[in-house]
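Descriptive structure summary
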Amino acid sequence: MDDYPHQYNGISLGLTVYAVAAIVADHELLGSALFALAMNHKQMSAYYAPAFFAYLLGRCLRRERPLLEIVKLGAVVIGVFATLWAPFYLSGGAGWTGVLTVLRRLVPLQRGLYEDYVANFWCATAPAFKWKRVLSVPTSARVATFATIAALLPSALRTIKTPTKDAFLWCLSCSAFAFFLFSFQVHEKSALLPLLPATLLSLRAPTLAARLPLAVCFSCYPLLERDGLSLAYVGVMGAFASVIGGGAPPPPSGGGGGGGEGEGEGERERRWWGRVDAVSAAAFVVAHAAAIFVPPPASLPHLHALAFTSSAFVYFAGAAAYCHARLWAETAAERAASRIFGETKERCRGDPDVLRRVGEKFAAAAAAGGEARDRRGARASTRARRKQHAE
């Protein structure tokens, strides 16, 4: 999906992966530099900027000298930007005129709210509200900006208050979905941006990571068909679906992700995903069948494209809501544990033995929870094997 127009989105996405990995490994200055490179390669990487900002700001505010930490991060980012933009400033003595010329090319307001059919809010609701007729281009840009900020602000504020590594990953998904669903002039391939953090969350949300690639490709089918890639679409979708089989496996031993901060999916959540899979698969099959066997009316030549993008929009909106719910659940558990431990520490001040015993009880409770998750995972694996054997 990324290679055929030769737009090289994989470079900025790869730099973003390296930046996330560096920050999660506590190399925050290196991660900031890598993300600044990603944003300068493709401005669409700004989809992730609120999550990076919120997590790093939250971390800085909890340190002994927060202002110094913020200055260090800011100096790294400004240094990268200054180095990369200096040629536009210096070339031929252009000065700021050269910089502003590039910036105007990066923000193509003249194209309008959207061009082709994209699986976002503006395209999905356009048949009912006719946004391009109702809103001028400057007004639609302001409305889209306000809607995007409103959609991403809750997750960003939550991450500032509770800057855990899991919260950072969930906030990346929430921020990318907010931009894709509500921002101005979104391209179909921008669906790759919310897909990336969902993939990074594969140990926390394996079903989301397994299903979202299919939904992203489905949302781009009108574009792929127009460019003669229907056969490639069928082949890649079929190969991917055969690899993931009946869905994500039960969580591995240790409870959802190899010893990280959070947990994977529970049994009830997997049942919920099963129902979502059934409904979405039916909608996707119906859309393809209609595109093959039912010609659109002459007055509505783009009806099939609208069916694809509107169905995908519903799926993406549900995935965004799921990411917000998981972010809230992860941070609520973290804040509750921190509050309980802080209150206990205050009561036990002056008696380190009591505090040590409380810490041991916390560790024992966490271990017991992990063992319980292991038992649930083992039972789920046994049921899955029995079902597969019966089939």
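Structure report, in brief. (Residues numbered from 1 in each chain as written. Predicted model: local features only at pLDDT ≥ 70, side-chain atom pairs only at ≥ 80, totals over all residues. Heavy atoms only, no water.)

**Considerations on the overall build of the protein chain**
Each helix and strand counted, the protein chain has 16 helices and 0 strands in total. Taking as baseline every contact in the protein chain between residues at least 6 positions apart, the subset at least 24 positions apart corresponds to 73%. Counting every atom, the protein chain has about 21,100 Å² of accessible surface; 65% of that belongs to carbon and sulfur. (Helix = DSSP H or I, 4+ residues; strand = E, 2+ residues; numbered from the N terminus. Contact = heavy atoms within 4.5 Å. Areas by Shrake-Rupley, 256 points an atom, 1.4 Å probe, with all protein chains shown as cover.)

**Structural notes on the packing of helix H3 (residues 49–61) against helix H8 (residues 137–161)**
Running from N to C, H3 and H8 point in directions that differ by 25°, and their axes come no closer than 7 Å. On the basis of the axis angle, H3 is roughly parallel to H8. In this structure, the crossing between H3 and H8 has a hand that is right-handed. Residues Pro-50, Ala-54, Tyr-55, Leu-57, Gly-58 and Leu-61 of H3 form the contact with H8, whose participating residues are Leu-152, Ala-156, Thr-159 and Ile-160. (Axes fitted to C-alpha atoms, helices over the stretch in contact; angles between N-to-C directions. Parallel < 35°, antiparallel > 145°, perpendicular 65-115°, else oblique. Left-handed = near helix turned anticlockwise from the far one by under 90°.)

**Re the environment of Phe-313**
Looking at where Phe-313 falls in the secondary structure, it is placed in helix H15 (residues 303–347). When residues no more than four places from it in sequence are discounted, the contact partners of Phe-313 are Ala-119, Asn-120, Phe-121, Ala-124 and Leu-181.

**A look at the side chain of Thr-309**
Looking at where Thr-309 falls in the secondary structure, it is placed in helix H15. Apart from residues no more than four positions distant in its own chain, Thr-309 is found in contact with Tyr-117, Val-118, Ala-119 and Ser-219.

**A short note on the nonpolar core**
With 81 residues, the main nonpolar core has Tyr-48, Phe-52, Phe-180, Leu-208, Leu-212 and Phe-316 as its most contacted residues. Non-local contacts of Leu-208, meaning those with residues more than four positions away in its chain, are made with Ala-198, Pro-213, Glu-265, Trp-273, Ala-319, Tyr-322 and Cys-323. (Core = buried A, V, L, I, M, F, W, Y, C linked by side-chain atoms within 4.5 Å. Buried < 20%, exposed > 50% of the residue type's maximum accessible area, 1.4 Å probe, protein only.)

**Quick look at the packing of aromatic side chains**
The description of an aromatic ring pair rests on the distance of the ring centres and on the angle between the ring planes. Across all of its chains, the model carries 23 aromatic pairs by this definition. Ring plane angle 80° and centroid distance 5.2 Å describe the contact between Phe-52 and Phe-168, whose orientation is recorded as edge-to-face. Linking Phe-52 in helix H3 with Phe-168 in helix H9 (residues 165–182), this pair joins segments that are 116 residues apart in sequence. Note on Phe-52: relative accessible area 4%, which makes it buried. Between Phe-121 and Phe-182 the ring centres are 5.5 Å apart and the planes differ by 40°, which places this aromatic pair in the tilted class. With Phe-121 in helix H6 (residues 121–129) and Phe-182 in helix H9, this pair connects stretches of sequence that are 61 residues apart. (Phe/Tyr/Trp six-rings, centres within 6.5 Å; stacked < 30°, edge-to-face > 60°.)

**Re helix H1 (residues 9–24)**
The end-to-end C-alpha distance of H1, which contains 16 residues, comes to 23 Å, matching closely the 22 Å that a straight helix rising 1.5 Å per residue would cover. When we look at burial in H1, the residues that qualify are Asn-9, Ser-12, Leu-13, Leu-15, Thr-16, Ala-19, Val-20, Ala-22 and Ile-23. On its buried face, H1 is in contact with helix H2 (28–41), H3, H9 and helix H10 (192–200). Taken from the residues just after H1, Asp-26 is the one with a positive phi, measuring 70°. (Expected span 1.5 Å × (residues − 1).)

**Some words on a nonpolar patch on the surface**
A cluster of nonpolar side chains, Tyr-89, Leu-90, Trp-96, Leu-100 and Leu-103, forms an exposed patch at the surface whose accessible area comes to about 550 Å². Among the elements of the structure, helix H4 (66–90) and helix H5 (96–106) are those that each provide at least two residues to the nonpolar patch. Looking at which element gives the most residues to the nonpolar patch, the answer is H5, with 3 residues. By the secondary structure assignment, Leu-100 is in helix H5. On the basis of relative accessibility, which here comes to 44%, the residue Leu-100 falls in the partly exposed class. (Patch = residues over 30% accessible without salt bridge, like charges linked within 9 Å, V, L, I, M, F, W, Y side chains within 5 Å. Salt bridge = Lys/Arg side-chain N within 4 Å of Asp/Glu carboxyl O.)

**Digging into the pattern of salt bridges**
Applying the stated rule across the entire model yields 10 salt bridges. Between Asp-26 and Lys-165 there is a salt bridge whose closest N-O contact spans 3.5 Å. Of this pair, Asp-26 sits in the loop between H1 and H2 while Lys-165 sits in helix H9, and the two are 139 residues apart along the sequence. Lys-72 is the salt-bridge partner of Glu-69, the closest N and O atoms lying 3.7 Å from each other. Of the two residues, Glu-69 and Lys-72 both sit in helix H4, 3 residues apart, roughly one turn of that helix. Via salt bridges that share partners, Asp-26, Glu-28, Arg-59, Arg-63, Glu-69, Lys-72 and Lys-165 belong to a single interconnected network.

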